[in-house]
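Chain and residue survey
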Amino acid sequence: MATVHPHLDTQSRAEEFLALDERYSAHNYHPLPVVIAEAEGAWMTDVDGRRYLDFLAGYSALNFGHRHPDLIAAATEQLGRLTLTSRAFHHDQLGPFCRELAELTGTDRVLPMNSGAEAVESAIKIARKWAYQVKGVPENQAEIIVAGSNFHGRTTTIVSFSTDPEARAEFGPYTPGFTVTSYGDASSVEAAISERTAAVLVEPIQGEAGVIVPPADYLPRLRRACDEHGALLICDEIQSGLARTGELLASAHDGVRADLYTLGKALGGGILPVSAVVGRDDVIGVLQPGQHGSTFGGNPLAAAVGRAVIRLLSTGEFQQRSRELGAHLHERLAGLSGVAEVRGRGLWAGVEIAPGGPTGRQASEALMAGGVLCKETQATTLRIAPPLTITRDDLDTGIDAIAEVLAK
Ligand SMILES: Cc1ncc(COP(=O)(O)O)c(C=O)c1O
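About the cut-offs
Residues numbered from 1 in each chain as written. Predicted model: local features only at pLDDT ≥ 70, side-chain atom pairs only at ≥ 80, totals over all residues. Heavy atoms only, no water. UniProt positions renumbered as here; feature names shortened; annotations may be inferred. 1 Å grid on protein atoms, 1.4 Å probe; cavity = no way out; pocket = protein on both sides within 12 Å on 5 of 7 lines; lining within 4 Å. Points joined across faces, edges and corners; volume = space filled by probe spheres on them. Helix = DSSP H or I, 4+ residues; strand = E, 2+ residues; numbered from the N terminus. Nonpolar A, V, L, I, M, F, W, Y, C, P; charged D, E, K, R; others polar. Axes fitted to C-alpha atoms, helices over the stretch in contact; angles between N-to-C directions. Parallel < 35°, antiparallel > 145°, perpendicular 65-115°, else oblique. Left-handed = near helix turned anticlockwise from the far one by under 90°. Contact = heavy atoms within 4.5 Å. Near = heavy atom within 4 Å. Polar contact = N/O pair within 3.5 Å; in protein donor to acceptor, adjacent residues only side chain to side chain. Areas by Shrake-Rupley, 256 points an atom, 1.4 Å probe, with all protein chains shown as cover. Core = buried A, V, L, I, M, F, W, Y, C linked by side-chain atoms within 4.5 Å. Buried < 20%, exposed > 50% of the residue type's maximum accessible area, 1.4 Å probe, protein only. Phe/Tyr/Trp six-rings, centres within 6.5 Å; stacked < 30°, edge-to-face > 60°. Lys NZ or Arg CZ within 6 Å of the ring centre and 35° of its normal. Arc of directions from axis to C-beta. Lys, Arg positive; Asp, Glu negative; His and termini not counted. Salt bridge = Lys/Arg side-chain N within 4 Å of Asp/Glu carboxyl O. Pairing = 2+ DSSP bridges.

The name recorded for the protein chain in an unreviewed UniProt entry is ornithine aminotransferase, from Saccharopolyspora flava. The Cofactor (unreviewed entry) comment attached to the protein chain in UniProt states, word for word, "pyridoxal 5'-phosphate". For the record of the protein chain, the UniProt heading Pathway (unreviewed entry) holds the text "Amino-acid biosynthesis; L-proline biosynthesis; L-glutamate 5-semialdehyde from L-ornithine: step 1/1."

If you want it as structure tokens, here you go:
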């Protein structure tokens, strides 16, 4: 096949690093055998000098591409002043970060954390405390309704309500208090919701499950059911949010406002882990000193990078790029032979490979050989999520490579 780059005919240095990873790193991932050393924008370079187009963008953690100059400048400036205080003291980045993130998302209050899973755990804790203190659910009886094929992270509580046997098996005993419903089927939530329901927790688009977009009435009906039963709607926008789908928040496509949102990934600008729970004052306000925390959550460096991310998002430029380039991406992918279905919104697509074609893993490896990096999610689905900064020409280069791999 035509390659994006002529592969260098030199002794590979990659083997050495692959062997070290294999020997010393826990085997909890199955990465493609490529060893990246540098990156800029939508392009990465491996240890042998080969260039690859990034069609994954760190699972949306790199929405602004690698080393966006505004983000690197903000991080560098903050590195020269103050990096960490712990939350034992105030610092001059936290308040501005929280105000700016609240204003951007149209919410009242912000709980800064680090990883996505921590943000989800925090939202669960807030919802439970709110249920006991405000809703009046009897102690230890609060329920949280979730959706099948969810992905919210890897902690023991979160995998307790995963329906993926690989993610869940042999990590018990499991945390109780979760009811699993069918994703996209609002009636399954309407049937499960009760006076004991603290919250409904849902991804507006399921990323890991294969970029699954629910029916248009799903989120609005969940919103209505929550309102009717005095429960909170929590939208996990860790992968779908921050311009990935063409809106700041993917739930906005369906005209729905949540009571709490979890944000992560791109909030750290591809530089460091930054996550947050954002939402209603009277809900996040249930947390009092000593009841929740994190040594690193909201640290000065994270807050400074987060503020630079917020500045990028506040122009709307990236949302617009995602809409325009996303329309082009979806139109082209849908016309490819070897493709059974294309799902998603904006610059985010789940490409279902037609029966008889390669597996998702085989397709990812063939794309890698041709200089395009993406990754399968589920056995026959390719997840496409280029940086929102990608040029139309580069986007076409990647789509051409996918066309060649799937046409074989
Ligand atoms: C929707 C969603 N929630 C939570 C997480 C967990 O985030 P992290 O890996 O930062 O813990 C992810 C990660 O892929 C995600 O896609």
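Estimated volume of the second largest pocket: approximately 570 Å³. Considering the residues around the second largest pocket, the lining is formed by 19 residues, among which Arg 87, Val 110, Leu 111, Leu 287 and His 292 are closest to the centre. Where the lining of the second largest pocket is concerned, the elements lending two or more residues are α4 (94–105) and β4 (109–113). Among the residues forming the lining of the second largest pocket, the class breakdown is nine nonpolar, seven polar and three charged.

Running from N to C, helix α12 (residues 317–334) and helix α14 (residues 392–407) cross one another at 20 degrees; their axes reach a closest spacing of 11 Å. When the interaxial angle is binned, α12 and α14 end up roughly parallel. α12 and α14 meet at a crossing whose hand is right-handed. Residues Leu 325, His 328, Leu 329, Arg 332 and Leu 333 of α12 form the contact with α14, whose participating residues are Arg 392, Leu 395, Asp 396, Ile 399, Asp 400 and Ile 402. Looking at the contact of α12 with α14 residue by residue, the classes come out as six nonpolar, one polar and four charged.

With that settled, consider the site of the ligand. Contacts to the ligand come from Ser 115, Gly 116, Ala 117, Phe 151, His 152, Gly 153, Glu 203, Glu 208, Asp 236, Ile 238, Gln 239 and Lys 265. Contact between the ligand and Asp 236: a nitrogen atom at 2.7 Å from a side-chain N or O atom of the residue. At 2.7 Å, a side-chain N or O of Gln 239 approaches an oxygen atom of the ligand. Relative to its unbound accessible surface of 390 Å², the ligand loses 81% to contact with the protein.

Attention now goes to the environment of Glu 203. Counting through the fold element by element, Glu 203 comes out in the loop between β7 (197–202) and α9 (218–229). A sequence separation of 131 residues divides Glu 203 from Ala 334, and the C-alpha atoms of the two residues are 24 Å apart. Here Glu 203 is in contact with Ser 149, Asn 150, Phe 151, His 152, Tyr 183 and Asp 236, once residues within four sequence places are set aside.

Looking now at the nonpolar core. Counting 78 residues, the largest nonpolar core has Phe 55, Leu 101, Leu 222, Leu 233 and Ile 384 as the members making the most contacts within it. Membership of the second largest hydrophobic core comes to 30 residues, among which are Ala 119, Val 146, Leu 201 and Val 286.

Below, the discussion takes up the packing of aromatic side chains. One pass over the structure, following the stated rule, counts three aromatic pairs. Taken together, a centroid distance of 4.3 Å and an interplanar angle of 35 degrees make the contact between Phe 161 and Phe 178 tilted. With a gap of 17 residues between them, Phe 161 in the loop between α6 (156–160) and α7 (165–168) and Phe 178 in strand β6 (residues 178–181) connect regions that are remote in the sequence. When its relative accessible area of 15% is taken as the criterion, Phe 178 is described as buried. Of note, Arg 51 hangs over the ring of Trp 43, and the distance from its end group to the ring centre comes to 4.5 Å.

A separate point is helix α3 (residues 69–79). Residues of α3 that are buried include every one of Leu 71, Ala 74, Ala 75 and Gln 78, and no others. Buried residues along α3 cover an arc of 95 degrees about the axis, so they all sit on one side. Turned more than 90 degrees away from the buried face of α3 sit Pro 69 and Thr 76, all of them exposed. Buried residues along α3 sit in contact with α11 (300–314).

For Glu 237, the position within the fold is in the loop between β8 (232–236) and β9 (260–263). For the buried Glu 237, no salt bridge exists, and the shortest N-O distance to an oppositely charged side chain is 8.2 Å, to Arg 257. Those residues in contact with Glu 237 that lie beyond four places of it in its chain are Pro 204, Leu 249, Ala 250, Ser 251, Tyr 261, Thr 262 and Leu 263.

We now examine the pairing of strand β11 (residues 339–343). Relative to strand β12 (residues 349–353), β11 runs antiparallel, the two being bridged by four bridges. Along β12, the bridge assignment pairs Glu 341 with Glu 352. Hairpin geometry of β11 and β12 is characterised by an intervening segment of five residues between the two adjacent antiparallel strands and by a positive phi of about 125 degrees at Gly 344.

On to the sheet that holds strand β13 (residues 372–373), then. One open sheet holds the four strands; their spatial order is β1-β2-β3-β13, and the pairing between them is mixed. Taken across any chain shown, the strands that pair with only one partner, and hence form the sheet edges, are β1 (36–40) and β13. Two elements, strand β2 (residues 43–46) and strand β3 (residues 51–54), share three bridges in a ladder whose sense is antiparallel. The residue bridging Met 44 from the neighbouring strand is Tyr 52, located in β3. Packed onto the sheet, α14 meets β2, β3 and β13 and runs at close to 100 degrees relative to β3.

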